[in-house]
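Read off the chains here:
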Amino acid sequence: MSLREAFAAVEARVAAACARAGRPRSAVTLVAVSKLHPPQLIREAHGLGQRVFGENYAQELRDKHAALADLPGLEWHAIGPVQPKNAKYVAKAATVFHALDRLDVAQALSQRREGAPLRCLLQVNVAGEATKAGISPEGARTLLEQVRALPNLTVVGLTTLPPLHEDPNASRPYFQALATLARGLGLEALSMGTTGDYEVAIEEGATLVRVGTALFGARPT
Ligand SMILES: *Cc1c(COP(=O)(O)O)cnc(C)c1O
């Protein structure tokens, strides 16, 4: 499948999921997860009209941000956990940070951010998996209030990565739990759904879906 065909196929599925859910297509942003892929591939996707890209690693984000600075309208989303010492790269390059789960990282981001506040989503470990990053659902309100006290960040929503499963429907209860938690906190953005389960995520209210493999193919190792 060509890159063009892959983007068209995902777009058709996003649109169909929005229609099933009675949501406008404009309610969902497709974040094209380009981690580990070369800048040239992002350039090609930009040529197809894609503007929002997701990167996991702070240094890789820094390098791609610099290498692709000539492309108009690019919007970088940092979607992976960041160490405080690397927060400066995210603060400089990102428009949105999906993986905030530590106050020390929030403080470092706020300290380094210039210009418009960095839009952040708190990452929540809904299933309580020991191997996954993210705060507990019970801890969300406390972190939200702490981050709200910082000047250069705005918390806009929540992110989750449900347990890996072959059946996309297995993710549904975790997506529903995240949506309920966000509603209770008065937060609107929901970053949930990857290649395996983005359609279910859209049905459950995702406003940001993070899709890599379905768009770009397998990642180079
Ligand atoms: C890599 C990654 C994705 C993309 O996963 P795919 O299965 O390739 O769509 C989404 N979110 C996060 C946090 C990731 O690390």
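Above this note sits the structure.
Summary of the structure given here. (Residues numbered from 1 in each chain as written. Predicted model: local features only at pLDDT ≥ 70, side-chain atom pairs only at ≥ 80, totals over all residues. Heavy atoms only, no water.)

## So, the side chain of E204
- Residue position: E204 is located in the loop between α8 (198-203) and β8 (208-211).
- Looking at E204, the relative accessible area reads 17%, which means it is buried.
- At 2.7 Å, the side chain of E204 forms a polar contact with the side chain of R172. (Helix = DSSP H or I, 4+ residues; strand = E, 2+ residues; numbered from the N terminus. Buried < 20%, exposed > 50% of the residue type's maximum accessible area, 1.4 Å probe, protein only. Polar contact = N/O pair within 3.5 Å; in protein donor to acceptor, adjacent residues only side chain to side chain.)

## Observations regarding the site of the ligand
- Around the ligand, the neighbouring residues are V33, K35, N56, I79, L161, T194, T195, R210, V211, G212, T213 and R219.
- In this structure, an oxygen atom belonging to the ligand sits 2.6 Å away from a side-chain N or O atom of T195.
- Here an oxygen atom of the ligand and a backbone polar atom of G212 are 2.8 Å apart.
- The class makeup of the residues in the shell around the ligand is four nonpolar, five polar and three charged. (Near = heavy atom within 4 Å. Nonpolar A, V, L, I, M, F, W, Y, C, P; charged D, E, K, R; others polar.)

## Comments concerning the nonpolar core
- In this structure, V90, F97, L100, L109, V209 and F216 are the most contacted members of the largest nonpolar core, which totals 64 residues.
- The dominant element in this core, judged by the number of residues it contributes, is helix α1 (residues 3-21), at six residues.
- Formed by six residues, the second largest nonpolar core is a distinct cluster that contains V31, V52, L121 and A189. (Core = buried A, V, L, I, M, F, W, Y, C linked by side-chain atoms within 4.5 Å.)

## Quick notes on helix α5 (residues 103-112)
- Of all the positions in α5, only V105, A106, A108, L109 and S110 are classed as buried.
- Summarising the contacts, the buried residues of α5 are in contact with α4 (87-93), β4 (96-100), β5 (118-123), α6 (140-148) and β6 (153-159). (Contact = heavy atoms within 4.5 Å.)

## Looking at the packing of α6 against helix α7 (residues 172-185)
- Look at α6 against α7: their axes get within 11 Å of each other, and the N-to-C directions meet at 50 degrees. One element, α6, and the other, α7, form an angle in the oblique class. With respect to the hand of their crossing, α6 and α7 are arranged in right-handed fashion. Contacts between α6 and α7 involve A140, R141, L144 and R148 on the former and, on the latter, L181, G184 and L185.
- Here the contact of α6 with α7 is built from residues that sort into four nonpolar, one polar and two charged. (Axes fitted to C-alpha atoms, helices over the stretch in contact; angles between N-to-C directions. Parallel < 35°, antiparallel > 145°, perpendicular 65-115°, else oblique. Left-handed = near helix turned anticlockwise from the far one by under 90°.)

## Some details on the pairing of β5
- With five of six residues buried, β5 is to be regarded as a mostly interior element.
- Looking at chain direction, β4 and β5 are connected through three bridges and run parallel. By the bridge assignment for β5, F97 is matched with C120.
- Handedness of the β4-α5-β5 crossover: right-handed.
- Inspection of the sheet shows β5 paired to β6 by six bridges, in the parallel sense. For L121, the partnering residue across the bridge sits in β6 and is G157.
- Once the chain exits β5 it traverses α6 before rejoining the sheet at β6, and the crossover so formed is right-handed. (Pairing = 2+ DSSP bridges. Right-handed = clockwise from strand over helix to strand, strands pointing away.)

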